[in-house]
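Residue-level listing of the chains:
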Amino acid sequence: MKKIFIHLGTDSPDYRGLMHAQQDLELPGQTVPAANLVICEQTHSSLVHICREGDSGAGLGAHPQIPVADGFSTNIPGQFLLIRTADCYPVLFSDAEAMVVAAVHSGREGTRQNIVEQAVNAMMRNYGCDPANIVAHIGAGICEDHYEVSEEIWREFNQTLEQQGFCPCTKKFRHLNIRTTIFQQLIRAGLKFINIENIHACTFENPNYFSYRRDKGNNRQINIIGIINE
Ligand SMILES: [Zn+2]
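Conventions we followed
Residues numbered from 1 in each chain as written. Predicted model: local features only at pLDDT ≥ 70, side-chain atom pairs only at ≥ 80, totals over all residues. Heavy atoms only, no water. Buried < 20%, exposed > 50% of the residue type's maximum accessible area, 1.4 Å probe, protein only. Helix = DSSP H or I, 4+ residues; strand = E, 2+ residues; numbered from the N terminus. Pairing = 2+ DSSP bridges. Axes fitted to C-alpha atoms, helices over the stretch in contact; angles between N-to-C directions. Contact = heavy atoms within 4.5 Å. Phe/Tyr/Trp six-rings, centres within 6.5 Å; stacked < 30°, edge-to-face > 60°. Expected span 1.5 Å × (residues − 1). Arc of directions from axis to C-beta.

**Describing the pairing of strand β8 (residues 89–95)**
- Within β8, seven of the seven residues are buried, leaving the element largely enclosed by the surrounding structure.
- Both β8 and strand β9 (residues 100–106) contribute to a ladder of seven bridges, which runs antiparallel. Bridging from a neighbouring strand, serine 94 pairs with valine 101 of β9.
- Hairpin connection, β8 to β9: the antiparallel pair is bridged by four residues, and methionine 99 has positive phi, about 55°.
- Of the strand pairs in this sheet, β8 and strand β10 (residues 134–138) are connected by five bridges, and their pairing is antiparallel. Looking across to β10, one finds that serine 94 is bridged to valine 135.

Printed below as a string of structure tokens:
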């Protein structure tokens, strides 16, 4: 029987540790073999890659990351999609009817480009998923209060959202609300309100998460979704 495994990570186990050890990940309830992970380049694009068998292990050892992409989707059991984040938002998608999963890195630019819609579209087009069956799992990311940007970036972000018919939903000058934007985008993509799950944690405030803005470091949370055979 197939089952969907989801892990929205904290600072342990961490991405640098994984890159250093190149070993299987021991996660709550599941051992994830390193050779079955798929890691993408995460270039702040809105590109969602459709995984093949040969993509397993991408980003580990000599096997290059999936180029350019900031998201991917698979229906291959045993393949685990990994998104690394520290302030940006990981969004994991599961469709238990069609047995399809997807994962995206939705930072400021990915969110501006509505990468979550690209993921839902990829699941529909490639695997025949019905958005009404898709559950989205939004992980920890930086909150509006702690996410201040330049006026230029703020205006560009808000302008794009308004052009797309979304509400910037921020009352604070030069602050961005990424989580609320993603939520609107998921609803527009056809997901049901009750199928949007949310970890209400701010990476900047919570010491159990890496925060790029707070730490200026290069370590990241590990977020994983995959289909397992039981
Ligand atoms: Zn915060």
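**Re the sheet that holds strand β1 (residues 2–8)**
- If you walk across this open sheet you meet the four strands as β1-β12-β7-β4, and the pairing is mixed. Where the open sheet ends on each side, the last strands, each with one partner, are β1 and β4 (37–39). With strand direction ignored, the average angle separating the axes of adjacent strands in the sheet is 20°.

**What to know about the sheet that holds β10**
- Taken in spatial order, the six strands of this open sheet run β5-β6-β9-β8-β10-β11, and their pairing is mixed. In the strand order of this sheet, the two ends are held by β5 (48–50) and β11 (196–198), each with one partner. If you compare each strand with its neighbour and ignore which way they point, the axes differ by 15° on average.
- Set on the sheet, helix α3 (residues 115–127) makes contact with β5, β6 (71–74), β8, β9 and β10; between it and β9 the angle comes to about 160°.

**Let's talk about the packing of aromatic side chains**
- Inspection of every chain in the model, using the stated rule, returns three aromatic pairs.
- For the ring pair tryptophan 154 and phenylalanine 173, a centre distance of 5.1 Å and an interplane angle of 75° mean the geometry is edge-to-face. With tryptophan 154 in helix α4 (residues 151–163) and phenylalanine 173 in the loop between α4 and α5 (178–188), this pair connects stretches of sequence that are 19 residues apart.
- Since its relative accessible area comes to 44%, phenylalanine 173 is described here as partly exposed.
- Ring geometry for phenylalanine 183 versus phenylalanine 193: centroids 5.3 Å apart, planes at 75°, classification edge-to-face. Remark: phenylalanine 193 occurs in the loop between α5 and β11 and phenylalanine 183 occurs in helix α5; sequence separation between them is 10 residues.
- With relative accessibility at 22%, the residue phenylalanine 183 sits in the partly exposed group.

**Details of α4**
- The end-to-end C-alpha distance of α4, which contains 13 residues, comes to 18 Å, matching closely the 18 Å that a straight helix rising 1.5 Å per residue would cover.
- Along α4, the residues that are buried comprise Trp154, Phe157, Asn158, Thr160 and Leu161. Projected onto a plane normal to the axis of α4, the buried residues spread over an arc of 160° and lie on a single side. For α4, the exposed residues set more than 90 degrees away from the buried face come down to Glu152, Glu162 and Gln163.
- Among the structural elements, α2 (108–112) and α5 are those in contact with the buried residues of α4.

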